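Structural overview for review
Each chain, letter by letter, is given below.
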Amino acid sequence: MYNSFFKRAYFLCIRVKGLVFYFIFPNIFRLSKIQVRKLPKCEQKTKITGQGKVVIGENCSFGYKLGGFHRKGSVELQARYKNSIIQLGNKIATNNNIFICAANLISIGDRTLIGQNVTLMDFEAHGINPDERWKVGEIGKIIIEENVWIGNNVIILKNSKIGKNSIVAAGAIVNGEFPDDVIIGGVPARIIKKIGSVI
C-alpha cells in the first residue's frame, strides 16, 4: 500500500514504449492527506487539491486518451476543507474532464464508470439567501454505490445517493436518493425504468 501525505499533489503519468511511469509532485506549501492503495493509471492530467483526505482504491484509472477532449483538460479530486473526504473504491474508471469536490463526504463504490465532463459537488457553492450569497451554502454528502455507470455531462448535487448497478443517463442533474438497479435521467433526474424491465 502506498501512503503519502500532501495537501496538494499532481500525478504525472508518462508513457514510454508501452510502459507507464508515475510521478507525484507535492506542493510543499499545502500539505494534504492522500492515501493511494495502488497508483492509478492516468491518461489525463490528474490533480488532487484541497486540505482534506483523498483515498484512492486499487486499479483505478483517470482520463481516457481516446475519450475526446483529452488535451488541456484535467481530472480534479478536491477535498476542499480540513475534514473533507473523497473516498474512491477499487477499479473506478473515469473519462476526461472530471471535477469531484467535497466539503464533507463523497464516496464512490467499486467498479463505478464515470463519463466525460462529470461534476460531483456535495455542497452549495453559495448561500441561497441574498444576504448569504458570499458564504458557502448547505453542505451535504454524495454516496455512489458499487457498479454504477454515470454518463457524460452529468452533475450530481449534495445529498444524492445512487444505488448499486444503476445508470445515470447523459446530461442528468441528480439531486436525491435513487434505489439499486434503475436507470435515471433528466433535469431534475427521475427514474426512467428498472434495469431488466421492459419499457
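Read on for an overview of the structure. As the structure is a computational prediction, the values presented were derived from the model and not from experiment.

About the criteria used
Residues numbered from 1 in each chain as written. Predicted model: local features only at pLDDT ≥ 70, side-chain atom pairs only at ≥ 80, totals over all residues. Heavy atoms only, no water. Helix = DSSP H or I, 4+ residues; strand = E, 2+ residues; numbered from the N terminus. Buried < 20%, exposed > 50% of the residue type's maximum accessible area, 1.4 Å probe, protein only. Contact = heavy atoms within 4.5 Å. Areas by Shrake-Rupley, 256 points an atom, 1.4 Å probe, with all protein chains shown as cover. Patch = residues over 30% accessible without salt bridge, like charges linked within 9 Å, V, L, I, M, F, W, Y side chains within 5 Å. Salt bridge = Lys/Arg side-chain N within 4 Å of Asp/Glu carboxyl O. Pairing = 2+ DSSP bridges.

Here we look at the overall build of the protein
When you go through the protein residue by residue, the secondary structure sums to zero helices and 24 strands. The buried share among the 199 residues of the protein stands at 43%. Here the analysis covers contacts within the protein between residues at least 6 apart in sequence; of these, 38% occur between residues at least 24 apart. Surface accessibility of the protein: about 10800 Å² in total, with carbon and sulfur atoms responsible for 56%.

Some details on a nonpolar patch on the surface
A contiguous nonpolar surface patch, about 230 Å² in accessible area, is contributed by Tyr-81, Val-136 and Ile-139. Within the secondary structure layout, Tyr-81 lies in the loop between strand S9 (75–79) and strand S10 (85–88).

Considering the pairing of S10
The side-chain alternation of S10 yields one buried face, formed by Ile-86 and Leu-88, and one unburied face, formed by Ile-85 and Gln-87. In this sheet, S10 lies alongside strand S7 (residues 53–56) in parallel orientation, the contact comprising four bridges. Paired with Val-54 across the strands is Ile-86, a residue of S10. Strand direction decides the pairing type here: S10 and strand S13 (residues 105–108), joined by four bridges, are parallel. The residue bridging Ile-86 from the neighbouring strand is Ile-106, located in S13.

Overview of unusual backbone geometry
Of note, the bond from Val-187 into Pro-188 is cis; its omega dihedral lies within 30 degrees of zero at -5 degrees. Summarising the element assignment, Pro-188 is placed in the loop between strand S23 (182–185) and strand S24 (190–194). Phi is positive for Arg-111, close to 60 degrees, though the residue is something other than glycine. Positionally, Arg-111 belongs in the loop between S13 and strand S14 (113–114).

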